[in-house]
Amino acid sequence: MFTLDERLESEFVLIGQTEVCEVLVKKNSEVPWVVLVPKVENVSEYYELHHGVQFILLDEINFFSKFMKNKFEADKINIAMFGNIVPQLHVHIVARFKTDRFWPGNIIGHELEEEHDKSEKIISGIKEVLASKDSFVVHQT
């Protein structure tokens, strides 16, 4: 049975599922920030996934990257798999803008200011695309 790491649950909102992942969006975010978490127990590294799951995950990363680049007119898409603090395998996909407060530096690890929170707009935009795809399931809140 798949269980989402509690640290991911505390910082992100579950908005849906893809074929192999839970789809989360960063709470209190200034920028579009999605995390894909493969629904596989006890996996902390990409290479530990079955090859078939790796290919599907790669397709999902590409899908969300292209979607976020186009939907939010991002200047750059950052993709990262760290796992130093949260060992459960998860993939950050972050739309970056030359106008965001942290450009060109790393946005991960910074506290975001509530006044800049755009997460509701981001969540609704991402749920919209999830609802239009047959293989995606939108989480009802």
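Computed from a prediction, not measured in an experiment: that's the story for all the values here.

Engineer: Residues and numbers for the environment of Asp5, please.
Structural biologist: Tracing the backbone through its elements, the reader meets Asp5 in the segment before helix 1 (6–11). According to the relative accessible area criterion, Asp5 is buried, its value standing at 13%. Along the sequence, Asp5 and Val37 sit 32 residues apart, while their C-alpha atoms lie 9.6 Å from each other. Not counting chain neighbours up to four residues away, the residues in contact with Asp5 comprise Val86, Pro87 and Gln88.

Engineer: For the pattern of salt bridges, give the residues involved together with the corresponding values.
Structural biologist: Here the structure, examined in full by the defined rule, presents four salt bridges. One salt bridge connects Asp5 with Arg7, and the closest N-O pair in it is separated by 2.9 Å. Overall, Arg7 belongs to the partly exposed group, its relative accessible area being 36%. Put simply, Asp100 and Arg96 hold a salt bridge, and the shortest N to O gap is 2.8 Å. Just as Asp100 is buried, Arg96 falls in that class too.

Engineer: Residue-level account of the nonpolar core, with values.
Structural biologist: Val34, Leu36, Leu57, Phe64, Met68, Ile93 and Ile126 are the most contacted members of the largest nonpolar core, which totals 40 residues. Looking at this core, the elements with two or more residues in it are strand 1 (12–17), strand 2 (21–26), strand 3 (33–38), helix 2 (51–71), strand 5 (91–96) and helix 3 (119–131). The element that contributes the greatest number of residues to this core is helix 2, accounting for six residues. The contacts of Ile126, once residues within four sequence positions are left out, are Ile15, Val25, Val34, Phe64, Phe67 and Phe72.

Engineer: Give a detailed account of the side chain of His92, specifying residues and quantitative values.
Structural biologist: Here His92 is to be found in strand 5. A distance of 3.0 Å separates a polar atom in the side chain of His92 from a polar atom in the side chain of Trp33.

Engineer: Let's hear about helix 2: which residues, and what values?
Structural biologist: The end-to-end C-alpha distance of helix 2, which contains 21 residues, comes to 30 Å, matching closely the 30 Å that a straight helix rising 1.5 Å per residue would cover. Burial in helix 2 covers these residues: Val53, Gln54, Leu57, Glu60, Ile61, Phe64, Ser65, Phe67 and Met68. All buried residues of helix 2 lie within an arc of 165° about the axis, which places them on one face of the element. Facing away from the buried side of helix 2, by more than 90 degrees, are the exposed residues His51, Phe55, Asp59, Lys66 and Asn70. Where helix 2 is buried, its residues meet strand 2, strand 3, strand 4 (76–80), strand 5 and helix 3. Phi turns positive, to about 50°, at Glu73, one or two residues after helix 2.

Engineer: Just give me the short version of unusual backbone geometry, but keep the residues and values in it.
Structural biologist: A cis amide bond links Trp103 to the next residue, Pro104, at an omega of 0°. Secondary-structure assignment places Pro104 in the loop between strand 5 and helix 3. In the Ramachandran plot, Glu73 falls in the positive-phi region, its phi being about 50° despite a non-glycine side chain. Turning to its location among the elements, Glu73 is positioned in the loop between helix 2 and strand 4.

Engineer: Residues and numbers for the packing of aromatic side chains, please.
Structural biologist: Scanning all chains against the criterion turns up three aromatic pairs. Ring centres of Phe12 and Trp33 lie 6.3 Å apart, and the angle between their planes is 70°; on these two criteria the pair is classed as edge-to-face. Highlighted residues: Phe12 in strand 1 and Trp33 in strand 3, separated in sequence by 21 residues. With respect to burial, Phe12 and Trp33 carry one shared label: buried. Judged by centre distance (5.4 Å) and plane angle (90°), the rings of Phe63 and Phe64 are edge-to-face. Among the residues examined, Phe64 registers a relative accessible area of 0% and is labelled buried. Across from the ring centre of Trp33, 5.4 Å away, lies the NZ or CZ of Lys26, which sits over that ring.

Cut-offs used in this document
Residues numbered from 1 in each chain as written. Predicted model: local features only at pLDDT ≥ 70, side-chain atom pairs only at ≥ 80, totals over all residues. Heavy atoms only, no water. Helix = DSSP H or I, 4+ residues; strand = E, 2+ residues; numbered from the N terminus. Buried < 20%, exposed > 50% of the residue type's maximum accessible area, 1.4 Å probe, protein only. Contact = heavy atoms within 4.5 Å. Salt bridge = Lys/Arg side-chain N within 4 Å of Asp/Glu carboxyl O. Core = buried A, V, L, I, M, F, W, Y, C linked by side-chain atoms within 4.5 Å. Polar contact = N/O pair within 3.5 Å; in protein donor to acceptor, adjacent residues only side chain to side chain. Expected span 1.5 Å × (residues − 1). Arc of directions from axis to C-beta. Phe/Tyr/Trp six-rings, centres within 6.5 Å; stacked < 30°, edge-to-face > 60°. Lys NZ or Arg CZ within 6 Å of the ring centre and 35° of its normal.

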